[in-house]
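Below are the chains, spelled out letter by letter.
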Amino acid sequence: MYLSSISSRLLLYDTNSWDLKKSYGCYEGVLRDVSWSDDSKYILQVNSKGLVDILSPADHDIRSVQHVPLKDTWSASFHRDGHRNVAIGTKNGNVLIWDTKNKTVTKTFPTPSQASCVNFISFNSKNTSLAASMLNGDTAIYSLVSNISVLTVKLASSKSISAMKFHHDSRSLLGLATDEGHVVLRDITTNKDKNYFENIHASPVSDIAYSLVNKDVLVSCGYDKIMHVYDMRMQHVISTVRTSYTLTSLTINLENQVALGTKNGYIAIYDFRDLTNPFKILRGHEEEVSKVAFQPIRKKAISTDISLKEEVEVNSYLKTQSPVKTRTSDVYLYNDSPPKINVEISNQVTDNTVDSFLVMMGLDKSNTDFDDANKSVESDKKSDKHELRYRQLDAEKNISKISTPLTSRTVDNFTFPSPIVLQNGTTNDRNLSLNVPQIMQSNLNLNGGITDMKTVEELKDFIKLISADVADDNRNYFLHIMMALTKQKLFLEKQLMVMSEQINNLIQNQNTLVETNRKLALQIDQLKARQNTF
């Protein structure tokens, strides 16, 4: 695993030995930002002019695999699910989504009425919202489902945001830091502060980060050479570390290690179990360290993202190769008893066109026509292949009957049952597992040998192809249901917010009426007192 840091160059340190392994630099000036994709494959780098590059550290040296050719870019962030989608913020206040596979803009969000340069941009943990903090102090919250701005976060205590980041576990918790030294945790569902640490730093807060081990722990650092550790649940500071360096950035990994970037080019590595002194000081930079980031641990789950550097080769392979794979390892043994034939049917299908939550949810409408056309062509090809295989199997079955001199009950009754039996619109896996051995047993002669190995091989591939189609259909049904539920949830949340505002208005009106009645009653008493005196 690597620790990445940027100044005038991008450096990668090995987190085991803390040795400098790789260095990369092709721009003048101090780089603005660096971050890793969630699958730990690629690095997103933003230079001093705002140009966005995607880098790969997989080879012996760091190399650029894609440059985002957009004008006036200023901030960028990877989607929380893989590396296909990148959120881009511009100097004009525009926010858009860049597709690294198709190299096109797939979404453009409406610009706020008081738009300014987008300094920070962040996805929430569930990839349902996108936050963009601007130079004027406003933070716009965009819905990735409805593609509209649902909220604008304004801090009454400040109009200068120095750091912004969504919580990695709670999808509604947004962390904000200011140049006045405040640290704020805002719940975007209610648009109210969950935690507010006023003047916690004596100078601007340079960066914030959440602990990956304890989700209630927040860490902040500032130009006052102080790092604070917060308990968000108890709402107080649990530890304060005073350093001899002006701190510019920080990051935390799963081993409870904290890396602090400094103004003089050093990187101080602390352990949460002992914050008295740093256990390592890295001196690879000669200028200010503007950002540090640990490489995330690669998830064990199979990712559907296509590697950017292998994108062309994978696509060409899928277009030219047949779905039937050549078998070289199937071995059938001959003995006195009939051989045991085990057919493994894989229900896992890798779809190279579905790389992100947005596309899987069916919410990305940019390439709908193109995808529909491809699906129709692929379905026609599959139907033709199915029909051809039926004919081949029937012909081989008849040849097997004629060439067998003895009458066999198994062979005479050989029919080709459908490998998929539908009952009430569902797949019967039990019938599928029972029919396969029967079909393959019918190809065995009286001596226990196999009359036609080619038929068995094609039958296996045919069953796999059919099961893949059924799995794909089931997944599409599931995604449609998820999209409908998500839309309904957002609708109910909006209704809840409207009702909450109406209730607040009613309470205010009621308080106003009570106060008015009290004043009227006081005036009446005063008038009665005057009448009595006269």
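Keep in mind that what you see is a predicted model, and the values were worked out from it rather than measured.

K.L.:
What is the right way to look at the sheet that holds strand E10 (residues 95-99) in this model?
P.N.:
If you walk across this open sheet you meet the four strands as E8-E9-E10-E11, and the pairing is antiparallel. Two strands close off the open sheet at either side, each with one partner strand: strand E8 (73-78) and strand E11 (104-109). Going across the sheet, the axis of each strand differs from the next one's by a mean of 25 degrees, ignoring polarity. Pairing geometry for E10 and E11, over five bridges, is antiparallel. Looking at the pairing, Trp 98 lines up with Val 105 of E11.

K.L.:
Any chance you could explain the sheet that holds strand E2 (residues 10-14) here in plain terms?
P.N.:
Two orientations exist for strands paired in a sheet by backbone hydrogen bonds: parallel and antiparallel. Taken together, four strands build an open sheet; the order of strands is E3-E2-E1-E28 and the sheet is antiparallel. Edge strands, defined here as strands with exactly one partner in the open sheet, are strand E3 (20-24) and strand E28 (291-294). In this sheet, neighbouring strand axes are inclined to one another by 15 degrees on average, regardless of whether the strands run parallel or antiparallel. Here four bridges tie strand E1 (residues 2-6) to E28, and the two strands are oriented antiparallel to one another. Following the sheet pairing, Ser 4 is matched in E28 by Ala 293.

K.L.:
Before we go on, may I ask you to explain the pairing of strand E13 (residues 129-134) in this structure?
P.N.:
Walk down a regular strand and you will see the side chains alternate between the two sheet faces. Counting buried positions along E13 yields six of six residues, so the element is predominantly enclosed. Side-chain alternation along E13 places Ser 129, Ala 131 and Ser 133 on one buried face and Leu 130, Ala 132 and Met 134 on a second face that is also buried. Across five bridges, strand E12 (residues 118-123) lies against E13 in antiparallel orientation. By the bridge assignment, Phe 120 is partnered in E13 with Ser 133. Between E12 and E13, which pair antiparallel in sequence order, lie five residues; one of them, Asn 127, sits at a positive phi of approximately 55 degrees. Pairing between E13 and strand E14 (residues 139-143): five bridges, direction antiparallel. Directly across from Ser 133, in E14, lies its bridge partner Thr 139.

Reading guide: rules and limits
- Residues numbered from 1 in each chain as written.
- Predicted model: local features only at pLDDT ≥ 70, side-chain atom pairs only at ≥ 80, totals over all residues.
- Heavy atoms only, no water.
- Pairing = 2+ DSSP bridges.
- Helix = DSSP H or I, 4+ residues; strand = E, 2+ residues; numbered from the N terminus.
- Axes fitted to C-alpha atoms, helices over the stretch in contact; angles between N-to-C directions.
- Buried < 20%, exposed > 50% of the residue type's maximum accessible area, 1.4 Å probe, protein only.

In short, the description is geometric, and any link to function would need to be established separately.
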